[in-house]
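Residue-level structural notes
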Amino acid sequence: MTSPSWLLGELAQRFALPLHGDPSIRINGVAPLARARADELGFLTSKRHLSALESSQAGAAIVTEAHLGTGHSAKLVAHDPMAAFARIAALFEPHHPGPRGVHPSAVIAADASIHPDAVIGPFCVVESGSRIDAGAELVSQVHVGPDCVVGAHCRLLPRVTLVTRVRLGQRVLIHPGAVLGSDGFGLAFDQGAWLKVPQLGGVVIGDDCEIGSNSTIDRGALDDTVLEQDVRLDNLVHIAHNVHIGAHTAIAGCAAVAGSAHIGRYCLIGGAAGILGHIEITDRVTITAMSLVSHSIREPGEYSSGTPLEQNRRWRRNAVRIKQLDELARRVARLETESKP
Amino acid sequence: MTSPSWLLGELAQRFALPLHGDPSIRINGVAPLARARADELGFLTSKRHLSALESSQAGAAIVTEAHLGTGHSAKLVAHDPMAAFARIAALFEPHHPGPRGVHPSAVIAADASIHPDAVIGPFCVVESGSRIDAGAELVSQVHVGPDCVVGAHCRLLPRVTLVTRVRLGQRVLIHPGAVLGSDGFGLAFDQGAWLKVPQLGGVVIGDDCEIGSNSTIDRGALDDTVLEQDVRLDNLVHIAHNVHIGAHTAIAGCAAVAGSAHIGRYCLIGGAAGILGHIEITDRVTITAMSLVSHSIREPGEYSSGTPLEQNRRWRRNAVRIKQLDELARRVARLETESKP
Amino acid sequence: MTSPSWLLGELAQRFALPLHGDPSIRINGVAPLARARADELGFLTSKRHLSALESSQAGAAIVTEAHLGTGHSAKLVAHDPMAAFARIAALFEPHHPGPRGVHPSAVIAADASIHPDAVIGPFCVVESGSRIDAGAELVSQVHVGPDCVVGAHCRLLPRVTLVTRVRLGQRVLIHPGAVLGSDGFGLAFDQGAWLKVPQLGGVVIGDDCEIGSNSTIDRGALDDTVLEQDVRLDNLVHIAHNVHIGAHTAIAGCAAVAGSAHIGRYCLIGGAAGILGHIEITDRVTITAMSLVSHSIREPGEYSSGTPLEQNRRWRRNAVRIKQLDELARRVARLETESKP
């Protein structure tokens, strides 16, 4: 296959970006400003990299109007250079799906429904009652259990597993090793031992969601676990049963959301953050990395927990004082009482 | 296959639950009280949902004696409605194992032993010296390495991997992507580089354990890593080499247990909690979510670490004071000395 | 296959360890001192186990010079008994690779290059343009996507996935379920929704690295994600795009490293620790378990964050005071002002 190649003028026109420079410059790829060559396109999103723009050998750069004068590259002007870059970069890494149809090694249940335009790669399994829609791609070693739907143009990378009753909207992208629809962690304690509470619900994933590598999303106990459209999960994220996540919320790597938590729309959950079960988080809430959300959040804004990093020797001295903090506060109150005239 | 259907009187008799209402009501499923229909059974475990019981359209509900009078549904009376529900719900989601025998695609070592009543699904591998007992099911893409035992009626979901020397008791349930028996993280530092310490032990899993999706349990360095019977692990839990976990302990998602830690029986370890290596936790200890256990715990009870969530602006102001806490405590002590007559 | 067996004198000579005792003792295995038999070798690394050495039935033990007189076993003397043990133990768990060549079930792209001395196990996939070097082993169900290199004598355990543009050095060991080269979590917010930023870089893994089970390493956005030689990752570790990790650094289980972080050489990152994006950590830094690194670290040493574990009732009383800490500090300052003469 030949590598993609565009004239700078074509890119400007295709994405409606004002061009300052020679439209006939040929662009064969994208690259960081610091190492972009004369046939490559860079971009500036932060003033931190202004010096890289100044000295860049890039044929062209995407910048805001403010930086039109910096450096020698031709310029494409964008209100948000990162978004413009995302659109242009996609041209240079075109996705090549596998061949249409079912790989001879795949094992497909007699009553499963595979659209003729779907791609089912080697060592995939599709079980009874499941449906794979047009343009969907199961790359390899994907297991689709019973009663699942994989919507049009979904892409399931190697080893993705949909266990039972998982319904994906359109254009859902799931990275390798992610597991959707496994049993929620439902246990009743009975006569000195655990009794498994059957998990009968499913998982519903909205259009344009993205699920990171080795992340897990459990099926609901009775109702479904739900991700609304355009929810983005990073790697190794755990979503427990009956969680509901609003549209356009993004959750960074290693975060954990406990059962029946309800997260609003346009939230940003930091890496390795924890969210307790049965709580509610309103729209447009940001949780910083490794914070624990232990109660519902009713007001938009940024929230945190945890303590700052210190040299271990200093940290030990301060940490021991945390265990005395209530007593310290009482001692201060006593001093205040005594100091009153 | 036809859907399960029971008369309410049959359910009352089968599970020895007193019935208040018409035994001839036909129950075709279970559902939350809020959306259960006249042929469905709901249950009440929390007073929070009393209003749902009052207005429920459910044909019947499982309640404690105290709520016999609430709402219009027929009632099954249980001391613990959640446990009663767990048993009844299992009737409505019967497990259908795959066909007995070995799928033609599976790769089985010549000296592996597969019970004729076991189910070995597509793309499974069973290596040398391993044994799969009666009624065990390897759903698909399961890898069983050398010298493993999969006990009777175990169920290994897609992509479970037993690496080496893993012995499962009976009725062990392992969710997709879990890895048991991989090398522990054993390293010796020698001449400026890491030297791998061979991991020669195994993993022993007791009867009725459950292991969540993408969780990992490493094999011991010399002795075995051990989970006693009825231990329950949620998703993405990490159990390091030579850990020992007592019977009936449950560990929530994303928790991490470091090497050679010894956890007692009937413990509850919260989500994303961490347990350091070589420590001991006695029986009946509860660790709340995201707490770090850095020393042994000798007394049963509930333990926590961490700080409360706050608005980020307030959190910043308080967090900086934590770094001054030892000094603050000294200043308070000085004031106390000075204020003494 | 016969089990390995060595004379104690052979071991002493092979590893240049002074021997005190009978060189003709036959050693058939290694074991902990407490249960080692007369034909087994133990070792002492900590004074904690001195009593085990005293009463040990082991045929021989590896000790430092200081403990030559303890117990009745023959002794091999080593400056670092753990390192000596690591080398000797490897003799007793020899690795038996699968048969050379490509398993008939494997699916190999026409333009992939497989060295005749490589081992490609069942249900593996190797895609276009990828290369598997001499002595490399893909155990089973391994997926190697396009444009990857698996260096000589690498070992990829079941279900390892290299997504795209992953280059492994020599002797890299990757445990089951690990995913390398999946898309970084790159998103631009545009017109009320997320826009995926194409991830075009790769992953470069140096010689002798080890990657734990179900860990994930994302490919870079434009440049590569890099692990230098001899980096060791435990299970369930997340390495985001464009991270750079220096040689000989070890990262314990469940740790998470955010995008573009730069970690030095010879660092030790504790379990479930978090490292924020775009920060720099110099060489020889230790981060204790569950600490959050929120700013760059310029000085070698040990660093921590977090609070100590307490009984939940006490913890609640102290935790509420953390939210009042800034106010408390101001009150103390006021008292100090007032107490001044």
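Rules of the game
Residues numbered from 1 in each chain as written. Chains lettered and ligands numbered in written order. Predicted model: local features only at pLDDT ≥ 70, side-chain atom pairs only at ≥ 80, totals over all residues. Heavy atoms only, no water. Helix = DSSP H or I, 4+ residues; strand = E, 2+ residues; numbered from the N terminus. Rg over C-alpha atoms; globule rule 2.2 N^0.38 Å. Buried < 20%, exposed > 50% of the residue type's maximum accessible area, 1.4 Å probe, protein only. Contact = heavy atoms within 4.5 Å. Lys, Arg positive; Asp, Glu negative; His and termini not counted. Charge placed at Lys NZ, Arg CZ, Asp CG, Glu CD. Axes fitted to C-alpha atoms, helices over the stretch in contact; angles between N-to-C directions. Left-handed = near helix turned anticlockwise from the far one by under 90°. Nonpolar A, V, L, I, M, F, W, Y, C, P; charged D, E, K, R; others polar. Buried area = accessible area lost by both parts, 1.4 Å probe. Salt bridge = Lys/Arg side-chain N within 4 Å of Asp/Glu carboxyl O. Pairing = 2+ DSSP bridges. Phe/Tyr/Trp six-rings, centres within 6.5 Å; stacked < 30°, edge-to-face > 60°. Lys NZ or Arg CZ within 6 Å of the ring centre and 35° of its normal. Least-squares fit on C-alpha atoms with pLDDT ≥ 70 in both. Polar contact = N/O pair within 3.5 Å; in protein donor to acceptor, adjacent residues only side chain to side chain. Expected span 1.5 Å × (residues − 1). pLDDT = per-residue confidence, 0-100. Disulfide = S-S within 2.5 Å.

Across its full length, chain A carries five helices and 40 strands. Relative to the 2.2 N^0.38 estimate, which gives 20 Å for 341 residues, the radius of gyration of chain A is 26 Å and therefore markedly larger than a compact globule would have. For chain A, the spread of C-alpha atoms along the principal axes amounts to about 80 × 70 × 35 Å. For chain A, buried positions account for 59% of its 341 residues. Considering only contacts within chain A whose residues lie at least 6 apart along the sequence, 17% involve residues at least 24 apart. Separation between the mean location of the 31 positive side-chain charges and that of the 34 negative ones in chain A comes to 8 Å.

Residues and elements named next belong to chain B. Positioned with a positive phi, Arg165 is a non-glycine residue whose angle comes to about 55°. Along the polypeptide, Arg165 turns up in the loop between strand 18 (161-162) and strand 19 (166-168). The class of Arg165 is partly exposed, set by a relative accessible area of 26%. Phi at Arg284 takes a positive value of approximately 60°, unusual for a residue other than glycine.

Axis separation between helix 5 (residues 325-339) of chain B and helix 5 (residues 325-339) of chain C bottoms out at 11 Å; the angle between their running directions is 35°. The hand of the helix 5 of chain B/helix 5 of chain C crossing is left-handed. Within the contact between the two elements, helix 5 of chain B uses B:Leu325, B:Leu328, B:Arg331, B:Val332, B:Leu335 and B:Glu338 and helix 5 of chain C uses C:Leu325, C:Leu328, C:Ala329, C:Val332, C:Ala333, C:Leu335, C:Glu336 and C:Ser339. Looking at the contact of helix 5 of chain B with helix 5 of chain C residue by residue, the class counts come to 10 nonpolar, one polar and three charged.

Right, let's get into the interface of chain A and chain B. Counting from both sides, the interface comprises 75 residues of chain A and, opposite them, 68 residues of chain B. Of all residues in chain A, the largest losses of buried area upon contact with chain B belong to A:Phe185, A:Trp194 and A:Leu222, amounting jointly to 12% of the total for that side. Among the ionic pairs, A:Lys196 bridges to B:Glu210, the shortest N-O distance being 2.9 Å. Of all elements in the fold, only strand 21 (179-182), strand 22 (187-190), strand 23 (193-196), strand 26 (216-218), strand 38 (292-293), strand 39 (301-304), helix 4 (312-322) and helix 5 (325-339) of chain A reach the threshold of two or more residues within the side of chain A that touches chain B. Top element by residues in the side of chain A that touches chain B is helix 5 of chain A. It accounts for six residues. When its residues are assigned to classes, the side of chain A that touches chain B shows 38 nonpolar, 22 polar and 15 charged. The pairing of strand 39 of chain A with strand 40 (residues 310-311) of chain B spans two bridges and is classified as antiparallel.

On to the pattern of salt bridges. All names here are of chain A. Enumeration over the complete set of coordinates arrives at 69 salt bridges over all chains. Residues Arg219 and Asp183 are paired through a salt bridge, measuring 3.7 Å at the closest nitrogen-oxygen approach. Taken together, the positions of Arg219 in the loop between strand 26 and strand 27 (225-227) and Asp183 in the loop between strand 21 and strand 22 put the pair 36 residues apart, joining distant regions of the chain. The exposure class of Arg219 is buried, given its relative accessible area of 4%. Assessed through its relative accessible area of 19%, Asp183 is described here as buried.

Take the sheet that holds strand 2 (residues 19-20) of chain C next. Residues and elements named next belong to chain C. Strand order in the open sheet formed by five strands is 2-7-6-5-4, and the pairing between neighbours is mixed. Each of the sheet's edge strands pairs with one partner strand only, and the pair in question is strand 2 and strand 4 (29-30). Set on the sheet, helix 3 (residues 81-92) makes contact with strand 4, strand 5 (40-43), strand 6 (60-63) and strand 7 (74-77); between it and strand 6 the angle comes to about 140°.

Moving on to the sheet that holds strand 15 (residues 143-144) of chain A. Residues and elements named next belong to chain A. Taken in spatial order, the 10 strands of this open sheet run 9-12-15-18-21-26-29-32-35-38, and their pairing is parallel. Either end of the sheet is taken by a strand with one partner, and the two such strands are strand 9 (107-108) and strand 38. Relative to strand 32 (residues 256-257), strand 29 (residues 238-239) runs parallel, the two being bridged by two bridges. Bridging from a neighbouring strand, Ile239 pairs with Val257 of strand 32.

Now for the packing of aromatic side chains. The geometry of an aromatic ring pair is captured by two quantities: the separation of the ring centres and the angle between the planes. Applying the stated criterion across every chain yields a total of 12 aromatic pairs over all chains. Arranged with centres 4.9 Å apart and planes meeting at 75°, the rings of A:Phe189 and A:Trp194 form a pair that is edge-to-face. Overall, A:Phe189 belongs to the partly exposed group, its relative accessible area being 37%. By relative accessible area, which is 16% here, A:Trp194 ends up buried. Note on B:Phe123 and C:Phe123: the rings are 5.4 Å apart at their centroids and 70° apart in plane angle, and the pair reads as edge-to-face. Residue B:Phe123 is located in the loop between strand 11 (119-120) and strand 12 (125-126), and its partner C:Phe123 is located in the loop between strand 11 (119-120) and strand 12 (125-126); the two belong to separate chains. For the pair B:Phe123 and C:Phe123, one class covers both residues: buried. Put simply, the rings of A:Phe123, B:Phe123 and C:Phe123 pair up and form one aromatic cluster. The ring of B:Tyr266 is capped by B:Arg284, whose NZ or CZ atom sits 4.2 Å from the centre of that ring.

Okay, the relation of the copies chain A and chain B next. Note that the two copies of the chain are related through a rotation about an axis and a translation along the same axis. Of the transformation placing chain A onto chain B, the axial shift is 0.0 Å and the rotation is 120°, giving an RMSD of 0.0 Å. Both copies are brought into coincidence by an operation consistent with a three-fold rotation axis. Nearest to the rotation axis, the C-alpha of A:Gly306 is located 3.5 Å from it, this being the minimum over chain A. Of the residues that chain A buries at the interface, just 20% are likewise interface residues in chain B, meaning the two copies contact each other through different surfaces.

So, about the interface of chain A and chain C. Residue-level contacts link 68 residues of chain A with 75 residues of chain C. For the pairing of chain A and chain C, the buried interface totals around 5700 Å² over both sides, and the portion due to carbon and sulfur atoms is 63%. Taken together, the links from chain A to chain C amount to eight salt bridges. One salt bridge in this structure joins A:Glu336 and C:Arg331, with 2.8 Å as the shortest N-O distance. At the boundary of chain A with chain C, the tally comes to 32 residue pairs in polar contact (both at pLDDT 80 or more). It is helix 5 of chain A that provides the largest number of residues to the side of chain A that touches chain C, a total of 10 residues. Its residues assigned to classes, the side of chain A that touches chain C shows 38 nonpolar, 15 polar and 15 charged.

For the rest of this paragraph, the subject is helix 5 of chain B. If you check helix 5 of chain B, its first and last C-alpha atoms are 21 Å apart, about what 15 residues at 1.5 Å a residue would give, namely 21 Å. All of the buried residues in helix 5 of chain B are B:Leu325, B:Asp326, B:Leu328, B:Ala329, B:Arg331, B:Val332, B:Leu335 and B:Glu336. On its buried face, helix 5 of chain B is in contact with helix 4 and helix 5 of chain A, helix 4 (312-322) of chain B together with helix 5 of chain C.

A word on the confidence of the model for chain A. Interpreting fine coordinate detail is not advised for predicted regions of low pLDDT. Residues at a pLDDT of 70 or more form 99% of chain A, whose mean pLDDT is 96. Reported for the predicted complex are a pTM of 0.97 and an ipTM of 0.96.

A separate point is the side chain of C:His238. Relative to the helices and strands, C:His238 is located in strand 29 (residues 238-239). Here C:Thr216 takes part through its side chain, which lies 3.1 Å from a polar atom of the side chain of C:His238.

Another point: the state of the cysteines. Following the criterion strictly, the structure yields zero disulfides over all chains and no others. Left without a disulfide partner, B:Cys148 is nearest to the cysteine sulfur of B:Cys154, which lies 12 Å away.

Residue and element names in this part refer to chain B. Positionally, Val102 belongs in strand 8 (residues 101-102). Taking the C-alpha atoms as reference points, Val102 and Ala83, 19 residues apart in sequence, are found 36 Å from one another. With near-sequence residues (within four places) excluded, Val102 lies in contact with Ile108, Ile114 and Ile120.

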